[in-house]
Amino acid sequence: MAAQALSLLREVSRLEAPLEELRALQSVLQSVPLSELREQAAELRLGPLFSLLNENHREQTTLCVSILERLLQALEPVHVARNLRVDLQRGLTHPNDSVKILTLSQVGRIVENSDAVTEILNNAELLKQIVYCIGGENLSVAKALIVEISSVSPESLNYCTTSGLVTQLLRELTGEDVLVRATCIEMVTSLAYTHHGRQYLAQEGVIDQISNIIVGADSDPFSSFYLPGFVKFFGNLATMDSPQQICERYPVFVEKVFEMTESQDPTMIGVAVDTIGILGSNVEGKQVLQKTGTRFERLLMRIGYQAKNASTELKTRCLDAISSLFYLPAEQQTDDLLRMTESWFSSLSRDPMELFRGISTQPFFELHCAALKVFTAIANQPWAQKLMFNSPGFVEYVMDRSVERDRASKDAKYELVKALANSKTIAEIFGNPNYLRLRTYLSEGPYYVKPISTTAVEGAE
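Here is a short report on the structure shown in this document. These numbers were taken from a predicted model, which means no experiment stands behind them.

Let us look at the overall build of the protein chain. Of regular secondary structure, the protein chain possesses 31 helices and zero strands. Since a compact globule built from 461 residues should have a radius of gyration of about 23 Å, the 29 Å found for the protein chain marks it as more spread out than a globular shape. In terms of its C-alpha atoms, the protein chain occupies a principal-axis envelope of roughly 80 × 80 × 40 Å. When burial is assessed residue by residue, the protein chain has 50% of its 461 residues classed as buried. Of the contacts formed within the protein chain by residues at least 6 apart in sequence, a portion of 68% connects residues at least 24 apart. Surface summary for the protein chain: the accessible area is close to 22800 Å², and the carbon and sulfur share equals 50%. Looking at charge distribution, the protein chain has the averaged site of its 43 positive side-chain charges lying 3 Å from that of its 56 negative ones.

Looking now at a nonpolar patch on the surface. Together, Leu-179, Phe-222 and Phe-225 give the surface a local cluster of nonpolar side chains, amounting to about 320 Å² of exposed area. Looking at the secondary structure, you find Leu-179 in helix α14 (residues 178–191). Relative accessible area serves as the criterion here: at 52%, Leu-179 is assigned to the exposed category.

What follows is about the nonpolar core. Note that soluble globular proteins tend to have their nonpolar side chains buried in a common cluster. Membership of the largest hydrophobic core comes to 155 residues, with the highest contact counts inside it found for Leu-46, Leu-49, Leu-201, Phe-233, Phe-234 and Phe-356. Examining the composition of this core, we find that eight residues originate from one element, helix α26 (residues 365–378), more than from any other.

On to the packing of helix α24 (residues 335–348) against helix α25 (residues 352–360). Across the interface, α24 lies against α25 with an axial gap of 8 Å and an inter-helix angle of 65°. Residues Phe-345, Ser-346 and Leu-348 of α24 form the contact with α25, whose participating residues are Pro-352, Met-353 and Phe-356. Of the residues that constitute the contact of α24 with α25, the class distribution is five nonpolar, one polar and no charged.

Turning to the packing of aromatic side chains, a few remarks are in order. A complete count under the given rule lists 14 aromatic pairs for this structure. Aromatic pair Phe-234 and Tyr-250: ring centres 5.0 Å apart, planes at 45°, arrangement tilted. Linking Phe-234 in helix α17 (residues 227–240) with Tyr-250 in the loop between α18 (243–249) and α19 (251–260), this pair joins segments that are 16 residues apart in sequence. On the basis of relative accessible area, Tyr-250 is assigned to the buried category, the value being 6%. Connected via pairs of aromatic rings, a cluster forms that spans Phe-296, Phe-326, Trp-344, Phe-345, Phe-356, Phe-375, Trp-383, Phe-394 and Tyr-397.

Moving on: the pattern of salt bridges. Across all of its chains, the model carries 19 salt bridges by this definition. The salt bridge partner of Asp-218 is Lys-256, with a shortest N-O separation of 2.6 Å. Pair noted here: Asp-218 is in the loop between α16 (206–216) and α17 and Lys-256 is in helix α19, with a separation of 38 residues, a long-range link. Look at Asp-218 and you get exposed, because its relative accessible area is 57%.

The next thing to look at is the side chain of Thr-341. Tracing the backbone shows Thr-341 in helix α24. Residue classification places Thr-341 among the buried residues on the basis of a relative accessible area of 0%. Each residue touching Thr-341, except ones within four places of it in the same chain, is listed here: Phe-326, Leu-328, Gln-381 and Trp-383.

Our focus in this paragraph is α16. Since there are 3.6 residues in each turn of an α-helix, residues three or four apart along the chain are aligned in direction. Within the span of α16, buried status applies to Val-206, Ile-207, Ile-210, Ser-211, Ile-213 and Ile-214. In an axial view of α16, the angular spread of the buried residues amounts to 160°, which keeps them on one side of the axis. Packed against the buried residues of α16 are α13 (165–173), α14, α15 (195–203), α17 and α19.

Here α14 is 14 residues long and its end C-alpha atoms lie 20 Å apart, about the 20 Å a rise of 1.5 Å per residue gives. Of all the positions in α14, only Val-178, Arg-181, Ala-182, Cys-184, Ile-185, Met-187, Val-188, Thr-189 and Leu-191 are classed as buried. N-cap assignment for α14: the residue whose side-chain oxygen lies 3.0 Å from the backbone N of Leu-179 is Asp-177.

The subject of this paragraph is the side chain of Thr-316. Note that Thr-316 resides in helix α23 (residues 312–326). Setting aside residues up to four positions removed in sequence, Thr-316 forms contacts with Glu-366, Leu-367 and Ala-370.

All chains considered together, the criterion is met by zero disulfides. Here Cys-318 stays unpaired: no disulfide links it, and the sulfur of Cys-369, its closest cysteine neighbor, is 17 Å away. Owing to a relative accessible area of 0%, Cys-318 belongs among the buried residues under this scheme.

As a further point, take the environment of Leu-191. Here Leu-191 is to be found in helix α14. Leu-191 sits in the buried class, given a relative accessible area of 3%. Separated by 155 residues in sequence, Leu-191 and Ser-346 have C-alpha atoms that sit 39 Å apart. Excluding residues within four positions of it along the chain, Leu-191 makes contact with Val-147, Ser-150, Ser-151, Leu-157, Gly-197, Arg-198 and Leu-201.

Cut-offs used in this document
- Residues numbered from 1 in each chain as written.
- Predicted model: local features only at pLDDT ≥ 70, side-chain atom pairs only at ≥ 80, totals over all residues.
- Heavy atoms only, no water.
- Helix = DSSP H or I, 4+ residues; strand = E, 2+ residues; numbered from the N terminus.
- Rg over C-alpha atoms; globule rule 2.2 N^0.38 Å.
- Buried < 20%, exposed > 50% of the residue type's maximum accessible area, 1.4 Å probe, protein only.
- Contact = heavy atoms within 4.5 Å.
- Areas by Shrake-Rupley, 256 points an atom, 1.4 Å probe, with all protein chains shown as cover.
- Lys, Arg positive; Asp, Glu negative; His and termini not counted.
- Charge placed at Lys NZ, Arg CZ, Asp CG, Glu CD.
- Patch = residues over 30% accessible without salt bridge, like charges linked within 9 Å, V, L, I, M, F, W, Y side chains within 5 Å.
- Salt bridge = Lys/Arg side-chain N within 4 Å of Asp/Glu carboxyl O.
- Core = buried A, V, L, I, M, F, W, Y, C linked by side-chain atoms within 4.5 Å.
- Axes fitted to C-alpha atoms, helices over the stretch in contact; angles between N-to-C directions.
- Nonpolar A, V, L, I, M, F, W, Y, C, P; charged D, E, K, R; others polar.
- Phe/Tyr/Trp six-rings, centres within 6.5 Å; stacked < 30°, edge-to-face > 60°.
- Arc of directions from axis to C-beta.
- Expected span 1.5 Å × (residues − 1).
- Polar contact = N/O pair within 3.5 Å; in protein donor to acceptor, adjacent residues only side chain to side chain.
- Disulfide = S-S within 2.5 Å.

Shown next, in the form of structure tokens:
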């Protein structure tokens, strides 16, 4: 099949109006596996197909775009960057949107590939052209690409800001269109993942503007469209910089997160819970939350309530946030922090161990695994080991391999066993016999099946 496609591709390059051949080529390509095309990558001459895009013929353009979409997937991004640069530049200025989108998707592949992007970044003229070509577009894919290019290096961000493209994006972020605002905040959050991106956003006052929009959200009936994205932005910012600095400088962020957990809207609760999980994923963030005192205890109670009563999806998100909040690496365990996590645990519900045991026995594997993750998060903390040991039947539940039926659940149980077995305090708290059982489980691996012993009975057939 690949040979037939190559033959048709050669045919197309020889003819002036190869409509029939293009139709045939498109049809053949649908049944050629991508792996076969990749094997023939060196033979794929795509220049003639790009040339045919320049003619004002709608069906021919549609066919060429469809064919190129398929064939370009077979080429490595580095090859595309080196050998098809001129074609890509032409494609960016093409009057037909489908050609532009095809071209932008290829630029996207190049930007995401560390070897290929060097080809663009080492060619300042080409990068400028790409940036300015994209600048004429209002396609959301073009905006996303600008953010990707800006994120590569301080130099590439400089090209994008000089062209006015980033400024335009930031204008839309604070503009009146709430749907555009929601899209823009996702892109700005991507830019904030890089150090130079965060520096730029701070210098331009964008972070302050986002904070001010959160302040004004109470009086905006449409704030539910963009508020989740704005809160996520600060959650990510806090973990990449300093949770304490971000929360002290932008107290409205913490205030809004606490407020959202009391919402009746599951979307708002979900975002707030995710953000609390992100914020409390390191010790500094945990201490920031601890400083809010009884407010945080009440918030934990609400998360515990949602973990028991919400939809499966929200339950899982609550459990993931709890795992993140309660995990303390052994080297960071101080008496104060251990007292803090123990106190937090008791705030989740009247009997947290029973709550998570109950969830772990439900027939949904995502909930089962998420509950096991909670036990794993606290498994290396002595107060939790005592709770586990004193919880009737818990030690047997941990050792029982028959509970977990699927691979993900077996992996999750194994992580719990590993966390317990590798703790320095486990032998003392669980006792030596149980410690040895944990070590045996660990050495046998997650998927071990005990052989069924068959005893011969005298006189049996």
